[in-house]
Amino acid sequence: MIQVGMLAVLPGCNGPLSTLDPSGPAGASIATLWWSMLVGAGILFALVMVLFAMVIRRPGWGSNVSPGRWIVLGGLVLPAVVLLPLVAYALIAGERLLPLPGLAPPRIEAVGRQWVWTFRYPDHGGVETRNVLHLPAGTPVDILVTSQDVIHAFWIPRFAGKIDALPGHVNRLRIQADQPGRYAGQCNEFCGLGHAGMRFDVIVHRPEDFSAALARATASGESERE
């Protein structure tokens, strides 16, 4: 039965909006952290079940241990054995996701409004695309995220975590796509009745093809997804 349950769950670990099917270094770091937390939770659960089984199978087992010691050992020491390494790894993984200074990658402005995403490319003459984000593969890119009306959230699950789009404020998210292809992004903050349709496509090009593909898309209007 356990194997059947695992087979039923595994298909949900991939797909265009799956964080467990990463396509970039930030996404891979997040996925690894998720799996590490799952393993840690499983270990902690197993340890608790072992104690539970000992009490059921051998009534009176552990009665010579004082309540205070049970609280310290079971409530502090046991979780700390698993949780402290997870917290340390989470801090290290979080540092890898930050757009630290010292590098000035290409910039793309992402502007959200009900219920459309507009992308501007200041390094390519300020051209715009709507509901389609074009990226070069293998290159870090800073996404400058803001909003024209209410709070939205910019999220490409396979590339990185989400970041809020706030009116009058610009947040920066550094992402990188590993391979050319077509991906999916969405608003991940309820922003009104049209929230469910506030999605966008992400087209990743080879670096040498990016400028030409962007010019071709903006000129032909193919980049606009209604």
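In the block above lies the structure referred to throughout.
Rules used throughout
Residues numbered from 1 in each chain as written. Predicted model: local features only at pLDDT ≥ 70, side-chain atom pairs only at ≥ 80, totals over all residues. Heavy atoms only, no water. Patch = residues over 30% accessible without salt bridge, like charges linked within 9 Å, V, L, I, M, F, W, Y side chains within 5 Å. Areas by Shrake-Rupley, 256 points an atom, 1.4 Å probe, with all protein chains shown as cover. Salt bridge = Lys/Arg side-chain N within 4 Å of Asp/Glu carboxyl O. Helix = DSSP H or I, 4+ residues; strand = E, 2+ residues; numbered from the N terminus. Pairing = 2+ DSSP bridges. Buried < 20%, exposed > 50% of the residue type's maximum accessible area, 1.4 Å probe, protein only. Expected span 1.5 Å × (residues − 1).

Novice: So what exactly am I meant to see when it comes to a nonpolar patch on the surface here?
Specialist: A cluster of nonpolar residues, Phe45, Val48, Met49, Phe52 and Ile56, forms a patch on the protein surface that exposes about 500 Å² of accessible area. Mapped onto the elements of the fold, Ile56 is located in helix α2 (residues 25–57).

Novice: Looking at this model, I keep getting lost on the pairing of strand β1 (residues 107–113). Mind explaining?
Specialist: Side chains on a regular strand alternate between the two faces of the sheet. The pairing of β1 with strand β5 (residues 141–147) spans six bridges and is classified as parallel. Within the sheet, the bridge partner assigned to Gly112 lies in β5 and is Ser147. Judged from the five bridges that link them, β1 and strand β2 (residues 116–121) form a sheet pairing that is antiparallel. Bridge assignment links Glu109 to a residue of β2, and that residue is Arg120. With antiparallel pairing between neighbouring strands as the criterion, β1 and β2 make up a hairpin whose turn holds two residues.

Novice: How should I be thinking about the pattern of salt bridges in this particular structure?
Specialist: When the charged atoms of two side chains lie near each other, side chains of opposite charge can form a pair. In this structure the tally under the stated criterion is nine salt bridges. Put simply, Arg158 and Asp21 hold a salt bridge, and the shortest N to O gap is 3.4 Å. Note that Arg158 is positioned in the loop between β6 (152–155) and β7 (163–165) and Asp21 in the loop between α1 (2–9) and α2, a separation of 137 residues in sequence. A relative accessible area of 17% places Arg158 in the buried class. According to the relative accessible area criterion, Asp21 is partly exposed, its value standing at 24%. A salt bridge links Asp142 to Arg172, with the shortest nitrogen-to-oxygen separation between them at 3.1 Å. One end of the pair, Asp142, is in strand β5; the other, Arg172, is in strand β8 (residues 171–175), with 30 residues separating them in the sequence. You can call Asp142 buried: its relative accessible area is 3%. Several salt bridges converge on common partners, so that one network encompasses Glu109, Arg120 and Glu128.

Novice: Looking at this structure, how should I read α2?
Specialist: Counted at 1.5 Å a residue, the expected span for α2 with its 33 residues is 48 Å, and the 47 Å between its end C-alpha atoms agrees. Of the positions making up α2, those classed as buried are Ala26, Gly27, Ser29, Ala31, Leu33 and Gly40.

Novice: Hey, could you run me through the side chain of Ser23 in this one?
Specialist: Counting through the fold element by element, Ser23 comes out in the loop between α1 and α2. Among the residues examined, Ser23 registers a relative accessible area of 7% and is labelled buried.

Novice: Looking at this structure, I do not really get unusual backbone geometry. What am I missing?
Specialist: Negative phi values dominate among residues other than glycine, just as trans dominates among peptide bonds. For the bond from Gln114 to Trp115, the omega torsion is -5°, close enough to zero to count as cis. Although it is not a glycine, Asn131 adopts a positive phi angle of roughly 65°. Within the secondary structure, Asn131 sits in the loop between β3 (127–130) and β4 (132–136).

The values are spatial; any link to function lies outside them.
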